[in-house]
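Examining the three-dimensional arrangement
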Amino acid sequence: MIAMNQRKALFRKIVGNPRVMGGKPVIRGTRIPIDAIVKRFAESMAVENVLEDYPELTKEDIYAALEYSAQLVKGEKIMQIALE
């Protein structure tokens, strides 16, 4: 289980900007949308393979994308993303 302060740190990695990828949530400092990362796991890719496809990502970026997606699907609260 991820502690609240760890979760907040993960979500700082996710940003939205209407001028970047049409405002989709992306990993800060990249143009890599969260859905592209999650899609790789749906295609049965391992973390190491995702990192090979996106060398600018870290494992923490991937965990942030997965946690963000989990919270959205959970539907219990809306996650705010930082605007650049």
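Our subject in this report is the structure included herewith. (Residues numbered from 1 in each chain as written. Predicted model: local features only at pLDDT ≥ 70, side-chain atom pairs only at ≥ 80, totals over all residues. Heavy atoms only, no water.)

1. Observations concerning the overall build of the protein
- Within the protein one finds four helices and three strands.
- Across the 84 residues in the protein, those meeting the buried criterion constitute 35%.
- For the protein, the share of sequence-separated contacts (at least 6 apart) that also reach a separation of at least 24 residues comes to 49%.
- A total of about 5,400 Å² of accessible surface is found on the protein, and carbon and sulfur atoms cover 55% of it. (Helix = DSSP H or I, 4+ residues; strand = E, 2+ residues; numbered from the N terminus. Buried < 20%, exposed > 50% of the residue type's maximum accessible area, 1.4 Å probe, protein only. Contact = heavy atoms within 4.5 Å. Areas by Shrake-Rupley, 256 points an atom, 1.4 Å probe, with all protein chains shown as cover.)

2. Overview of unusual backbone geometry
- With phi around 55 degrees, M21 is a residue other than glycine that occupies positive phi space.
- Its location among the elements puts M21 in the loop between strand 1 (14–16) and strand 2 (26–27).
- Given the relative accessible area of 32%, M21 is considered partly exposed.
- A positive phi angle is found at S44, which is not glycine, with a value near 70 degrees.

3. Section: the pattern of salt bridges
- Across all of its chains, the model carries four salt bridges by this definition.
- Across the pair K24 and D35 runs a salt bridge whose closest N-O atoms are separated by 3.1 Å. With K24 in the loop between strand 1 and strand 2 and D35 in helix 2 (residues 34–42), this residue pair connects regions lying eleven residues apart in the sequence.
- Overall, the relative accessible area of 37% leaves K24 in the partly exposed class. (Salt bridge = Lys/Arg side-chain N within 4 Å of Asp/Glu carboxyl O.)

4. Brief notes about the nonpolar core
- Formed by 16 residues in total, the largest nonpolar core has its most connected members in I14, I27, I34, I37, Y54, L57 and I62.
- Only helix 1 (4–11), helix 2, helix 3 (47–53) and helix 4 (59–74) provide two or more residues apiece to this core.
- Top contributing element to this core by residue count: helix 4, with four residues.
- Residue contacts for I34: discarding those within four places in its chain leaves I14, P25, V26, I27, A65, Y68 and S69. (Core = buried A, V, L, I, M, F, W, Y, C linked by side-chain atoms within 4.5 Å.)

5. Structural notes on helix 2
- Looking only at helix 2, the buried set comprises I34, A36 and I37.
- At its buried positions, helix 2 is contacted by strand 1, strand 2 and helix 4.

6. Things to note about helix 4
- Taking 1.5 Å per residue as the helical rise, helix 4 with its 16 residues ought to reach 22 Å, and the 22 Å between its terminal C-alpha atoms agrees with that figure.
- Of all the residues in helix 4, the buried ones are D61, I62, A64, A65, E67, Y68, S69 and Q71.
- Just beyond helix 4, the residue with positive phi is G75, at close to 75 degrees. (Expected span 1.5 Å × (residues − 1).)

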